[in-house]
Structure formats: structure tokens, C-alpha cells
Amino acid sequence: MKPETEADLANIVADLNQPVRIVGGGTRGIIGSEQVLSIAGLSGVSLYEPGALTLVAKAGTPVSEIEAVLAAEGQQLAFEPMDHRGLMGTDGDPTIGGVVAANVSGPRRIQAGACRDYLLGVRYVDGLGQVIKNGGRVMKNVTGYDLVKLMAGSWGTLGVLSEVSLKVLPKSESIAALAVQVGSVAQAVQTLSAALKSPFEVSGGAYDPAAGHVLLRLEGFADSVAYRVDRLKTELAGFGEISEIEDGETLWRSVRDVSMFSDVEGDVWRISVKPGAASEIAARLEAEKLLLDWGGGLIWALVPEGSDVRTRLGAFEGHASLVRADAETVQALGRFQPEAAGVAALSQGLRQRFDPNGIFNPGLMG
Amino acid sequence: MEMPRPNPDVLARKQNVLARLQQVLPADAVIHDPAETRAYECDALTAYRCPPMLAVLPSTTQEVSDVLRICHDEGVPVVPRGSGTSLAGGALPTADCVILGIARMNDVLETDYDNRFIRVQTGRTNLSVTGAVEEEDFFYAPDPSSQLACAIAGNIAMNSGGAHCLKYGVTTNNLLGVKMVMMDGCVVEIGGAHLDSGGLDLLGVICGSEGQLGVVTEATLRILRKPEGARPVLMGFDDNEVAGQCVSDIIKSGILPVAIEFMDTLCIKACENFAHAGYPDCTALLIVEVEGSEAEIDYQLSKIIEIAKRHNPVELRESQSAEESAKIWLGRKSAFGAMGQMNDYMCLDGTIPVSSLPEVLRRIGEMSEEYGLPVGNVFHAGDGNMHPLILFDANKPGDLEKCEAFGAEILKLCVDVGGCLTGEHGVGIEKRDLMSHQYTPQDLEAQMAVKDVFDPRWLLNPAKVFPLDVSEQRRSVPIAAE
């Protein structure tokens, strides 16, 4: 099923009598029903006002198309959505609807915010085939409940997105990447915290244990970046040897896409934690490879196939989701961290109300 | 503006409810004397008043839970209240309700600079959150004009913004987690010091739900390191359209100021008389502020000034000192108070696409003539959030009604040009009946379904946000005997 318009989409959903797997570009490795509902036919940028920092696009619009339209005006999606293709071993064209449905945000999340923070409005089709809108295309909007945030990261389980409107930002004139040599996760997180506590607007903070260095990113006008690089180097002098890295853009793209785990066997987990807890959590993971992003607040872990990371972690503040594994493991462990009873009841209640017949990606989120 | 009639069954059980509440709260935390409950009869939307049946001032999450459980048992509506600064009537009581005031819960629970968050009880005021982290040069970013008085609880309920949210976002972008008491007394924890939700983004829908989904007693908030410095520039124009074009050109140039504020003639004069900030006499005034080191500020302001010059400003003045900057901002932040010295006023809060600014201002001017009521405009120009202030005389019969009708026209216009009814104040009772202009019955049904899940009996702040006729069936569900 591949509707070409929102009205078609609504009609198709209204007539559905069995579960569907909702797919944009199909690059993020969702498994589920054999029956596929593709939104790729709903495509195109419907409105772009650079002077208002606003873009509206149909949900199936390829991310590459949006990025090209923005780049022509010197603007960008500031939340820097990850491209999952390398990590997941998928092909296809990632769509903006997929990005929003999965709330995909990259390294700039720590400074600029997540996808959900840039989502101004949505149109979607609920489980009964009704077209619903929420939010709009203006940056400040508190008119009624914020279903926009609820739809971001709902992985299609509450409705099928047909259109999204996004806040966009100017692309930086200049970028600098610094590497600080450190010897442990604990030292890395201390260094990252020191950098992120500074007033120098660090827009990326990662740690690659294999390379033994913390990576920091500074962006903005050229003079300003040069100034802040100097000041940050002074501030971090005691933390380890500091060097500047030439091709910052490529490097940060590889952090964003977790490229070091591509083509390497093993399951991939993504764990969101308080940065200060990262060292202890990382130790408990027994991972074969690690990558820390978000100043230590996001841990990517490569572990042997079929291992249950959540059991090893026990109770902690945050959540662990299974990003890459075979179908059997995903089936057994579930992609998402089980929620506490009170919260799970609320989530379950919402899914039941938005999709009463349980046809949208059933079981994916609980 | 109508409110639902009080439920006589609830009023008849007042003594019983009071006795139960007194069992779980200290004596001074339960207010029942009509002379004292009057203190809670309104919020900052003072045109509407109604003393509550009772008011309670719990000091702990456990006490909040006890109060809600009892009210749930008894079928008593509860209206949560932060500092009572809502301009939309978000904390307006009904005669059969219990006001749950959170003001006594104002402690800082945890401050963590390494992980860049603070955990507070939500009765704490907005500005005192920044106050708690200032000595380490940190701040809490959302800065509503009422920040000296307004509580974090209300900020979360209304998803409050402020002048600097062009760069830093509004409350929802700075809220990491909550501890929340559900109407049945259960306590849930959502989010925390980590980023993003592991499941559905419940935090996202709780923020801005106007106290209708639960009572948030603790909040984890993102704190940021203060920039090295900040400096505003003033620019005056003879034409609103030109000022609007200048804003658009600044944004397109790749500079992201922390704030771009707009004022029209009436507001400029009122604020100047109030704050003596040296505002020029012109049609449209912009205050544009940038942040960073001295050199970065110089660089950004020079680019901004270069753009402004292309639009023939009648005044272009960079602040020369911290004192002057403070005065410039004092003028802007006192806009409501300054207008209040001229007459009674109603403050609107619609948002429009920035490109519609000239058209909307022109239409407001025309309507002002038609209604015979003056309007001043202050405006977060970078993000399209307007604050038209309609002046009227509350003592003149019919003036309030005329003003409300005028206000409704303006808000409908905001929606019609692609914007919305409210950018940061919330719907409350004020814009409740206009919701059907922005949303279809299905859109509203989807939102109300969320409340059905969180508060199935519709006891929390029930007469707000949704048009009364739309929510009536849900609100009038009879309470099953316990």
C-alpha cells in the first residue's frame, strides 16, 4: 500500500482490518507485520520560508531533498538526524517522516536540542482513518495539548504522519574539531563536562575509546570559532593533550552515524544516561566496542549477538534500546526499555485511544 | 465568559471533604473561611473571579497525593495553582473546587553543574531557579516577563516562553523530567537527568497541558552556562513593514540573535515614560540582542547594523554600557505595567508567521478604529509571538465585552494567516471558546482523549482549554458511589 495523498492514506487506514508496518524509506530496521504501509508516495516540500526559519514537508519527503533545499539558503536541520543505513545495513531513501517518528537526533542534540524540539506541527492519520492536525508552522504555540511532541518518537504507533513542519536554523559558517587524549571513560566524561560547562557553546562532545580521545566541536562565524577554540584549549589544558582535527565535518558525520559499528558483527544498543553515570554504566555493559556521544549522555554499545544488556544494567536512571539485532533477539528482548508500571499504563492507554484496533506497528513499543 | 455551574452535590459535601483534608494536612494548610478563600478567587486575568470552595497548601508530594486521592474519592474538581500569574485564567476557580496551591513547595533538591541540571520543587519561582545557580555563572533559560513571581509549576503547565526563546527555546525545550501526582493520588516519574524519552514522549504532552493531566511537584530542569556577555541594539523605523523586512533579513543572514523584540508607537511611548530608556519617537522599534565574547558581540552587531542601515532606520543605537542595556530591557519587560498605567488592558498572545506581520498590524489598526479601542503592540518578532494590548475602561458598561470581541477578532486573524491563538500564555478560559476556530472537532477529540487517559473523570482543572460545550459530556459524568 502506497498512498499518493493524505486523503488516500486516510481511506486506506479506515479500511484496514489487519496490522501494518509503517515504512518511510525503510532504513531504520523496523520489523513487524508483513503488510507494509509506505508513506514514500506523500512527498514534497510544501512551504519554505527562510526568513521565518520554517519548513513544511510531506512525511515521505526524502531527508536528502530537504537538506538540499535548506543548504541552498545556507540553512540546516540543526538536530542533525542520523543516517541509519550504514549501521543497519539497509538501503533506501530516509524520509523526514521516519526521522520524526523515531525522533532521530545527532551529536548537536546536547546544544541545539532533539528532533522533537524542532517539530512545530504535524498532520497524521489516526487508527480510525481520521486526519488530525496539531501545532502549526509557528515557533511558539501553546494552543491546546502538545500532541506534536507525543507524535515525535512514537514510531508510528499513535498514527501515520502525513505532514510535518519544522523549525530550521542557519548553517554555521565554520566548524572546528578538537581531540583531547584521555585514558578512560571516567576521564573522558570529566573532560566533556568541563567543556560543556564552559561558555564556549560546544556543539558536539563525543568519546571514542578505540582512538583514546574525546572529540569536541565548535561552530559559528570563523573568528568566533577561532577565539573559542583558543579559550577552550586553555580551559582544558589539564585534561590531556589537545590537537585540532582537519576534516571536522566528516569526523562528526561518522560519530552521528556510528560508522565504527558498521560492518562489524554484533548487536547494537543505545543507552541514554546521566553523563556522570556513563563510566559506571559502560563498565557494566561488557561491550566489545563503545562510542559515547552527547557529552557522555548517550552510549552506543556493540555486544555479542543475543546478549541482554538490560539484565546486566539492572535499575538505572535512563533507558536502553536495542537498535540492531536479529529478529529473534528483538522479539525476545523488545526494542524499547520496559517502562515503570504507572508510566506504562499511561502509554498503553494513549496507544489504545489513538489506535483502538491496534493496527499501527503493534507490539513495537510495548 | 461562562463557567460551568457548581455541582450542588459537591457543595453539600463541603464539610465532609474539609474534614478529610484536615486529617491529612496541617491545620494551616487547609483554608476554608470564605474571607480567606477569597485570596484565591482569581489569577492575573482579574476580570473573572470566583472564590473556591476550599484551598489547600501542601508541603510535600505525599500531601499532594493525599489531597488528590481524597478529591478523587469525593468527586471534587481540583484547580492547581502556581503563583497565580496566569493571564489566561488558568487558575480561575469554580465555586465547587479545591484550589491546590503549590507555593509552599519551593526547595532546590539537587544542583548538578557537571551534568547541567537542577532539580526543584515546582512552587519555586522562575527567577529564583536562576538565582540558585547564578554563583556558578549558570542560568535557567526560559524568561517569561512575570519571572520574578511565576512558579515553575505554572511554567510547565503553560509551557511558558519569554523574550530569549528564539535561541534557547521555551519551557518544553528545557524540561528534562517531572515527578507528577495523578488525580487518583498515584505518583509517576517521567524523564530525569538523561535526555529524551525511552518510550512515548509523555513529558512533551504534560508540558503545556494547563494542569489538566496531573500536578507536577518536582521538575528536573536544564541549566546553561551564562554567555560571556550580551548587548542589545535599538533600531527605530517609520514603517512596520520595513521593520518586519529588517527582522527577516537579519534572520536570513545567518545570525541568530537571542532576542528580537518589536514595539509600536503606543507601547514605545508608554514604556519610555515608565523606564526612561531613551527609546526613539517612531512607528516601530526593534530591540535586537546578541551574545558571546566582546569580539563576537562586536562582530554580530556590526553585521546586524549593516543590514538595518539598508532599511533607512530613523534611529540606530548600540547599548554602550551594562546600565543602558538593563534600562533598554526594563522598558520592554515593563510594557504590560506601563500600558496598565494608561488604562485597563487585555493582553493577547497570538502567534503569526513572521512574514504576515505588516498585514496583521494593518488589520489590527483598522479594527482598533472600528471598535474605538486603542491597541499597543509588543511582539517577539523573531518567533512571531504577538502581544497586542487592548486598552479599555473596566468601569464603563459594555467596554469589557467590546474589548473581548475585538480580542477574539485579532486571534481569529492570527489563525487565519497561518498562526495560532496563543504562543506562550495558554488557553485557560480566555481562549477556550476560540479553540474550534483553530481545530476541527476531530483535532479536539484527539487532545481530549489524552485527558481521558490521564484523568478519566475530568476532575483536574476541567473547565479550561476546551470549549465548554465540547467538553460538557465528559465533565458531567456522574461519580460512581464509592
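Note that this is a predicted model, so its numbers are computed, not measured. (Residues numbered from 1 in each chain as written. Chains lettered and ligands numbered in written order. Predicted model: local features only at pLDDT ≥ 70, side-chain atom pairs only at ≥ 80, totals over all residues.)

1. A look at the overall build of chain A
Within chain A one finds 14 helices and 17 strands. What you see for chain A is a C-alpha radius of gyration of 21 Å, in line with the 21 Å of a compact globule of 366 residues. When its C-alpha atoms are laid out on the principal axes, chain A stretches across 65 × 50 × 35 Å. Taken over 366 residues, chain A has a buried fraction of 55%. Counting contacts in chain A only where the partners sit at least 6 residues apart, residues at least 24 apart contribute 71% of the total. (Helix = DSSP H or I, 4+ residues; strand = E, 2+ residues; numbered from the N terminus. Rg over C-alpha atoms; globule rule 2.2 N^0.38 Å. Buried ≥ 20, exposed ≤ 12 C-beta atoms within 10 Å, placed from the backbone. Contact = placed C-beta atoms within 7 Å.)

2. Some points on the pairing of strand β11 (residues 202-208) of chain A
All names here are of chain A. Within β11, seven of the seven residues are buried, which leaves it mostly tucked inside the rest of the structure. In terms of strand pairing, β11 meets strand β12 (residues 213-220) through six bridges, oriented antiparallel. Its bridge partner being in β12, Val 202 is matched across the sheet by Leu 218. Connecting the antiparallel pair β11 and β12 is a turn made up of four residues, with Gly 212 showing a positive phi of about 70°. (Pairing = 2+ DSSP bridges.)

3. Structural notes on the sheet that holds strand β7 (residues 131-135) of chain A
Think of a sheet as strands paired side by side through backbone hydrogen bonds, with each pair either parallel or antiparallel. Residue and element names in this part refer to chain A. Taken together, five strands build an open sheet; the order of strands is β3-β4-β8-β6-β7 and the sheet is antiparallel. The sheet is open, and its two borders are formed by β3 (45-49) and β7, each paired with just one other strand. Shown here is a sheet whose adjacent strand axes are inclined to one another by a mean of 10°, direction ignored. Both strand β6 (residues 119-125) and strand β8 (residues 160-167) contribute to a ladder of six bridges, which runs antiparallel. Considered in β8, the bridge of Val 122 is made with Val 164. (Axes fitted to C-alpha atoms, helices over the stretch in contact; angles between N-to-C directions.)

4. A few points about the domain arrangement of chain A
All names here are of chain A. For chain A, the assigned domains are domain 1 (6-170), domain 2 (174-256) and domain 3 (259-333). Between domain 1 and domain 3, the contact holds eight residues from the first and 11 residues from the second. Elements that contribute at least two residues to the side of domain 1 that touches domain 3 include exactly α3 (85-88) and α5 (109-112). Per-class residue counts for the side of domain 1 that touches domain 3 are five nonpolar, two polar and one charged. (Domains from an automatic or database assignment. Nonpolar A, V, L, I, M, F, W, Y, C, P; charged D, E, K, R; others polar.)

5. Some points on the domain arrangement of chain B
All names here are of chain B. Taken domain by domain, chain B comprises domain 1 (8-103), domain 2 (108-225), domain 3 (230-332) and domain 4 (343-428). Summarising the inter-unit geometry, the C-alpha centres of domain 1 and domain 4 are found 32 Å apart. Facing the seven residues of domain 1 at the interface are six residues of domain 4. When the residues that make up the side of domain 1 that touches domain 4 are grouped by side-chain class, the tally is four nonpolar, three polar and no charged.

6. Some details on the interface of chain B and chain A
With 75 residues of chain B in contact, the opposing surface of chain A contributes 69 residues. Secondary structure elements with two or more residues in the side of chain B that touches chain A: β9 (187-191), α8 (202-206), α9 (240-252), α11 (294-309), α16 (435-438) and α17 (441-454) of chain B. Its residues assigned to classes, the side of chain B that touches chain A comprises 32 nonpolar, 30 polar and 13 charged.

7. Comments concerning the pairing of β12(A)
Two faces belong to every sheet, and in a regular strand the side chains alternate between them. All names here are of chain A. Most of β12 is tucked away, with eight of its eight residues classed as buried. Residues His 213, Leu 215, Arg 217 and Glu 219 of β12 are buried on one face, and the alternating residues Val 214, Leu 216, Leu 218 and Gly 220, pointing to the opposite face, are buried as well. With eight bridges connecting them, strand β10 (residues 174-181) and β12 associate as antiparallel partners. From the neighbouring strand, Leu 178 faces β12, where its bridge partner is Leu 216.

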